[in-house]
Amino acid sequence: RVSSDGKLEKFQPPPKPVIIDKQKQREERRFLSPEFIPPRGRTDPLKFYIERKDMIQRRKVFNIPEFYVGHVLAVTTADPYANEKASRFVGICIQRGGKGLGATFVLRNVIEDQGVEMCYELYNPRIQAIEVLKLEKRLDDNLMYLRDALPEYSTFDVNMKPVSRLDHEEVPVNKLQVRMKPKPWSKRWERPKYNIKGIKFDLPEKKMKEAQKWSQPWLEFDMLREYDTSKIEDKIWKEVSEGLK
Amino acid sequence: QGLLRRSVSHSFLSFASITGACRAIQKLTRVRVVDNSTLGNTPYHRPPKCIHVYNKTGVGKVGDTILLAIKGEKKKALIVGHKMPGPTMTARFDSNNVVLIEDNGNPVGTRIKTPIPYILRQKGEFSKVLAIARNFV
């Protein structure tokens, strides 16, 4: 090879391309939706198996994205009484409950100074689309305290554009400490039973100490309450990933 | 401005404890009038209260008519939202909302800013109320 100078140069091989196998990255981080995990009890596992088959069938037809409590979602539902036969609701997910086909999630938003909560069933055929607008986990699993928090923490713009997803890596955790309305609240959120980390308690020290009277420190060591789901989760993950291929 | 719990709005101070048990609307529930009628929005030292529910059971849900006692007068009203969780895929509001109505079903106010559930379209007699509503849920 002759370079621009006219002298012969040693052949430099081109740099090897770095292949980022995105599929591998995605597989490393796996997410099993919590409604697949059967509750502890004496029910026949056949019931859960049949339910899981139905859930996988529904997921093949309709994409249910991965979301946690604290995400801002927009749900379009088919409604016979709506204007264009479809209604859209945007809100922050405050709770995910139920197991199997009856799994629900509650979205909360404040529209025109009125707090509105909608409880949707994940596998309801009336749901036409679920979009994740903002991805962020919060410090708690249950954001029911947002009902007693200042309304600015539950207001989300209805025409919000979806925030771009960074990577197929970890979901960011928002360590926001929410400020509350003056007491009384619907539940005594300062009590250790609720174990809430996402509230900025402005209560006096005396009240916080008094709330600790109801703490049950023996609960975490109670062996009869242990429910180890790791093996069950592995089995169900294999089943679900095979069904969804 | 929304009715914050325990805040002084419409100049009534409620030091009595507010029950949280049956969160649908029955006799003696304090309600929030949501339209822009003068009767519903002028401050009074007592909040508007339900005195009768036009229902077989005395419990009113969305779409039921109730009798309201406002400013010393009796007025009919339509329930447009309550704090009690209803069937799934229906909205649950943070306050018990009500729209003032005449005996023939005509709304008293001219505008409703707060969101109204779509289920009200099921019963055909509220089309005039739905016509003045701005937002739907």
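Here, the structure is the one placed above.
Residues numbered from 1 in each chain as written. Chains lettered and ligands numbered in written order. Predicted model: local features only at pLDDT ≥ 70, side-chain atom pairs only at ≥ 80, totals over all residues. Heavy atoms only, no water.

Enquirer: For the interface of chain B and chain A, give the residues involved together with the corresponding values.
Expert: Between chain B and chain A, the residue contacts involve 23 residues of the former and 27 residues of the latter. A per-residue breakdown of the area chain B buries against chain A is headed by Met89, Arg92 and Tyr118 of chain B, which together make up 32% of the total. Where chain B meets chain A, there are 3 salt bridges. There are 10 residue pairs in polar contact (both at pLDDT 80 or more) connecting chain B and chain A. If you tally residues by element for the side of chain B that touches chain A, the top one is strand E5 (residues 91-93) of chain B, at 3 residues. In the side of chain B that touches chain A, the residues fall into 7 nonpolar, 9 polar and 7 charged. Strand direction decides the pairing type here: strand E4 (residues 114-121) of chain A and E5 of chain B, joined by 3 bridges, are antiparallel. Bridging from a neighbouring strand, methionine 118 of chain A pairs with alanine 91 of chain B of E5 of chain B. (Contact = heavy atoms within 4.5 Å. Buried area = accessible area lost by both parts, 1.4 Å probe. Salt bridge = Lys/Arg side-chain N within 4 Å of Asp/Glu carboxyl O. Polar contact = N/O pair within 3.5 Å; in protein donor to acceptor, adjacent residues only side chain to side chain. Helix = DSSP H or I, 4+ residues; strand = E, 2+ residues; numbered from the N terminus. Nonpolar A, V, L, I, M, F, W, Y, C, P; charged D, E, K, R; others polar. Pairing = 2+ DSSP bridges.)

Enquirer: Mind laying out the side chain of aspartate 140 of chain A, listing which residues take part and the relevant values?
Expert: Residues and elements named next belong to chain A. Along the chain, aspartate 140 turns up in the loop between strand E5 (127-134) and helix H3 (205-211). Although buried, aspartate 140 forms no salt bridge, and the nearest oppositely charged side chain, lysine 197, lies 5.6 Å from it. In this structure the side chain of aspartate 140 is engaged in a polar contact, spanning 2.8 Å, whose partner is the side chain of tyrosine 145. A distance of 3.2 Å separates a polar atom in the side chain of aspartate 140 from the backbone nitrogen of glycine 198. Filtering out sequence-adjacent residues up to four positions away, aspartate 140 remains in contact with Val69, Tyr145, Asn195, Ile196, Lys197 and Gly198. (Buried < 20%, exposed > 50% of the residue type's maximum accessible area, 1.4 Å probe, protein only. Lys, Arg positive; Asp, Glu negative; His and termini not counted.)

Enquirer: Before we move on, could you go through the environment of aspartate 228 of chain A and cite the residues and values that matter?
Expert: All names here are of chain A. Here aspartate 228 is to be found in the loop between H3 and helix H4 (230-243). On the accessibility criterion, aspartate 228 (59% relative accessible area) is exposed. Taking the C-alpha atoms as reference points, aspartate 228 and proline 80, 148 residues apart in sequence, are found 44 Å from one another. A polar side-chain atom of aspartate 228 sits 3.1 Å from a polar atom in the side chain of serine 230.

Enquirer: Help me get a handle on the pattern of salt bridges, residues and values and all.
Expert: Residue and element names in this part refer to chain A. According to the stated counting rule, one finds 16 salt bridges over all chains in the structure shown. The partner of glutamate 117 in a salt bridge is arginine 147, with the nearest N and O atoms 2.8 Å apart. One end of the pair, glutamate 117, is in strand E4; the other, arginine 147, is in the loop between E5 and H3, and 30 residues separate them in sequence. Linking arginine 225 and aspartate 222 is a salt bridge whose minimum nitrogen-to-oxygen distance equals 3.1 Å. A residue is classified by how much of its surface remains accessible, and aspartate 222, at 26% relative accessible area, is partly exposed.

Enquirer: Help me get a handle on the packing of aromatic side chains, residues and values and all.
Expert: Residues and elements named next belong to chain A. With the rule as written, the count across this model stands at 7 aromatic pairs over all chains. Centroid distance phenylalanine 67 to phenylalanine 105: 5.1 Å. Interplanar angle 65°. Geometry classified as edge-to-face. With phenylalanine 67 in the loop between helix H2 (45-61) and strand E1 (72-78) and phenylalanine 105 in strand E3 (residues 104-111), the pair connects residues that are 38 residues apart, well separated along the chain. Since its relative accessible area comes to 0%, phenylalanine 105 is described here as buried. (Phe/Tyr/Trp six-rings, centres within 6.5 Å; stacked < 30°, edge-to-face > 60°.)

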